[in-house]
Each structure stands twice: as structure tokens, then as C-alpha cells.
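# Structural description and commentary
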Amino acid sequence: EEQTGDRPEDRLPPCPECASEYAYESGALLVCPMCGHEWAPGVEAEGGQGYGSADDGEVRDAVGKVLSDGDTGTLVKSVKVSGGGGGAIKVGTKVTGIRLIADSGNGHDIDARVPGFGKMQLKSSVVKKAS
């Protein structure tokens, strides 16, 4: 009898950053214990676009839902804030007024208002669209 996890369709994909085969699931994201990279399953970073950018030009959230200007979402992981006092935005924080932006080369593809921090750029891979 074949054990679960032995079939190719049961295996998690390798890390897109370091190609490690030891990725594991953490909520809606996959995590690489070797390099610490986190990504949404089935959504790869290609051509310098954000993790949530699809080939069809649509920007998708951490679980694959299409994001649109004006959407509201919540963070699926904590985000460290650099500069201006630093700090961190906690998981579950509501972000409002999402505005899609062209990727500026750093993976950030949305502008949003974050309580206590104001307007800032975020990666769509850390946002889950509110239902």
C-alpha cells in the first residue's frame, strides 16, 4: 500500500528562492526552513513581478483571489516596517483602500492604508482579500 506523501501530487513544491525540497505549510503560505522564504502555493514570482502577480496581468492575494482597486484585506503574516520608527504590523491587521501599482522592482504591488502606519506599499503575497 502506498503511503501518503509518496505520490508526486502530494509533495509540496521546492522553494522558488533556494530550491530546497523541505518547504512546509504555514496557514495559507508555504515556508522554506532553509532560507526563510514564504510564498503562496501555485503563485510563483516571475519576471520581477510581485508574488501575487499572475501571467494575465491580474494581481492576486496570498490565496489566489484577484485584487482590485478599493478592496479591503487582512495581513496573513507579520510585516516588519523599516524607517520612520520601524516596528511591525501584526497578522490580521485590516488594510483598506487598496490601490494596485506597477511593481517598482521591490515586489510591492499594492498601496494601502494601514492603521497606525498610514499609507504604505505592501506585497500582495502578504494580503488576503476580505470576503
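Residues numbered from 1 in each chain as written. Predicted model: local features only at pLDDT ≥ 70, side-chain atom pairs only at ≥ 80, totals over all residues. Heavy atoms only, no water.

Of the pairings in the sheet, the one linking strand β8 (residues 110–114) to strand β9 (residues 118–122) comprises five bridges and is antiparallel in character. Each residue of the ladder has a partner; that of V114, found in β9, is G118. The hairpin formed by β8 and β9 contains three residues between the paired strands, and G116 there has a positive phi angle of roughly 85°. (Pairing = 2+ DSSP bridges. Helix = DSSP H or I, 4+ residues; strand = E, 2+ residues; numbered from the N terminus.)

Read from one edge of the open sheet, three strands run β1-β2-β3, paired in antiparallel fashion. Strand pairing shows two members of the sheet lacking a second neighbour, β1 (24–26) and β3 (38–39), which therefore form its edges. Bridging between strand β2 (residues 29–31) and β3 involves two bridges; their strand directions are antiparallel. Directly across from L30, in β3, lies its bridge partner W39.

This part covers the nonpolar core. L75, I89, V95, I98, I110, L122 and V127 are the most contacted members of the largest nonpolar core, which totals 15 residues. Of all the secondary-structure elements, those providing two or more residues to this core are β7 (94–100), β8 and β9. Ranked by residue count, the leading element in this core is β8, at three residues. Excluding its chain neighbours within four sequence positions, the residues that come into contact with I98 are L67, S68, D69, G70, D71, T72, G73, I110, D111, A112 and V127. A23, L30, C32 and W39 belong to the second largest nonpolar core, which has five residues in total. (Core = buried A, V, L, I, M, F, W, Y, C linked by side-chain atoms within 4.5 Å. Buried < 20%, exposed > 50% of the residue type's maximum accessible area, 1.4 Å probe, protein only. Contact = heavy atoms within 4.5 Å.)

This brings us to the pairing of β8. In terms of burial, β8 is a largely internal element, four of the five residues being buried. Note: β7 against β8, three bridges, orientation antiparallel. Among the inter-strand pairings, R99 is bridged to a residue of β8, identified as D111.

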